[in-house]
Amino acid sequence: MKTAISIVCLCALSSVSFAQTVSTNSSVQEQVGYSFGYLMGRSNAESVKNLDLDAFMQGLKTAADGSKPALTDEEMAHILTQYKKQSDAKQLIELKQKATANAKIGAEFLAANAKKPGIQRTKSGLQYQVLKAGTGSSPKANSLVKVNYEGRLIDGTVFDSSIARNQPAEFQVSQVIQGWTEGLQLMKQGAQYRFFIPAELGYGQIGSGDAIEPNSTLIFDVELLEILGKAPK
């Protein structure tokens with residue numbers, strides 16, 4: 001990794017003029033330098049979007065030349081620590097704002113959804129719709145099940161789908177989000193349900209990855225393909 005970064009830095013510094021337009025008619029050195037610089041910028045766009053890129057290049061060139069830096073190591077460590085604290089605080093504020101907005105949007109969605117024909121609601125707040133009734137028994141919390149599913153945000157964005165992967169999932173009923181654990185135990189083998197899961201029965205105020213923001217209400221289409229028996233102790 002260090003070697004790759006060093007190559008990127010050296011190539012980025014090799015351009016004769018940063019203002020010069022690079023094209024296929026430019027020298028190989030210029031085209032390689034531009035390509036590495038572009039790819040580096042694209043893969044780190046989020047990290048560098050608020051940086052002064054002129055100062056960044058100045059620091060990069062100073063280090064590559066082995067020249068004396070404008071700031072001491074202690075001064076750089078201090079300012080970077082302060083910057084990280086400010087960045088973390090700003091991110092926390094943004095997450096709280098998203099959580100508040102998503103909670104409001106989710107509550108309004110669920111309130112309207114509950115009035116639609118065929119929508120049922122449990123005491124926990126889970127809403128569900130029976131798309132196809134199954135037969136036989138229902139799984140328990142300690143059951144292993146095989147399911148096909150698709151998960152969406154309330155704006156219709158699909159964030160996960162075993163159906164698209166053509167690969168059913170197998171897991172213990174109690175080892176998934178609360179909305180699933182409760183909903184699966186309402187189903188019989190072969191059934192297809194649609195779950196409308198409030199944030200508190202899903203990923204809550206934390207969310208999950210980039211796709212599921214804090215306090216997101218989720219929709220899952222779930223088909224219970226098979227009850228595989230009890231999970232081993």
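Structure: above.
Note that the structure is a prediction, hence the values are computed from the model and not measured.

Helix and strand content of the protein: 7 helices and 7 strands. Counting from the amino terminus, the protein carries its helices and strands in the arrangement α-α-α-α-α-β-β-β-β-α-β-α-β-β. For 233 residues, the compact-globule formula gives about 17 Å, and the C-alpha radius of gyration of the protein, at 26 Å, lies well above that figure. The principal-axis extents of the C-alpha atoms in the protein amount to approximately 75 × 40 × 35 Å. Counting only residues that meet the buried cut, the protein has 29% of its 233 residues in that class.

In this model, helix H4 (residues 53-65) (13 residues) spans 18 Å end to end at C-alpha, consistent with the 18 Å of a helix rising 1.5 Å per residue. The N-capping residue of H4, defined by a side-chain oxygen 3.0 Å from the backbone nitrogen of Asp 54, is Asp 52. Downstream of H4 by a residue or two, Gly 66 has a phi angle that is positive, lying close to 75°.

On to the side chain of Gln 127. Relative to the assigned elements, Gln 127 resides in strand S2 (residues 127-132). A polar atom in the side chain of Gln 127 sits 2.7 Å from the side chain of Asn 113. Beyond its immediate chain neighbours, meaning those up to four positions away, Gln 127 contacts Leu 110, Asn 113, Ala 114, Ile 119, Gln 120, Arg 121, Arg 194, Phe 195 and Phe 196.

What follows covers a nonpolar patch on the surface. On the surface, a cluster of nonpolar side chains totalling about 340 Å² of accessible area is made up of Leu 51, Leu 53, Phe 56 and Tyr 83. For Phe 56, the position within the fold is in helix H4.

What follows concerns unusual backbone geometry. Of note in the backbone geometry, Asn 166 takes a positive phi value of approximately 55° without being a glycine. By secondary structure assignment, the location of Asn 166 is in the loop between helix H6 (162-165) and strand S5 (169-172). Assessed through its relative accessible area of 69%, Asn 166 is described here as exposed. Its identity as a non-glycine residue notwithstanding, Asn 215 has a phi of 60°, on the positive side. You can see Asn 215 is positioned in the loop between strand S6 (192-197) and strand S7 (218-230).

Reading the values: rules and limits
Residues numbered from 1 in each chain as written. Predicted model: local features only at pLDDT ≥ 70, side-chain atom pairs only at ≥ 80, totals over all residues. Heavy atoms only, no water. Helix = DSSP H or I, 4+ residues; strand = E, 2+ residues; numbered from the N terminus. Rg over C-alpha atoms; globule rule 2.2 N^0.38 Å. Buried < 20%, exposed > 50% of the residue type's maximum accessible area, 1.4 Å probe, protein only. Expected span 1.5 Å × (residues − 1). Polar contact = N/O pair within 3.5 Å; in protein donor to acceptor, adjacent residues only side chain to side chain. Contact = heavy atoms within 4.5 Å. Patch = residues over 30% accessible without salt bridge, like charges linked within 9 Å, V, L, I, M, F, W, Y side chains within 5 Å. Areas by Shrake-Rupley, 256 points an atom, 1.4 Å probe, with all protein chains shown as cover. Salt bridge = Lys/Arg side-chain N within 4 Å of Asp/Glu carboxyl O.

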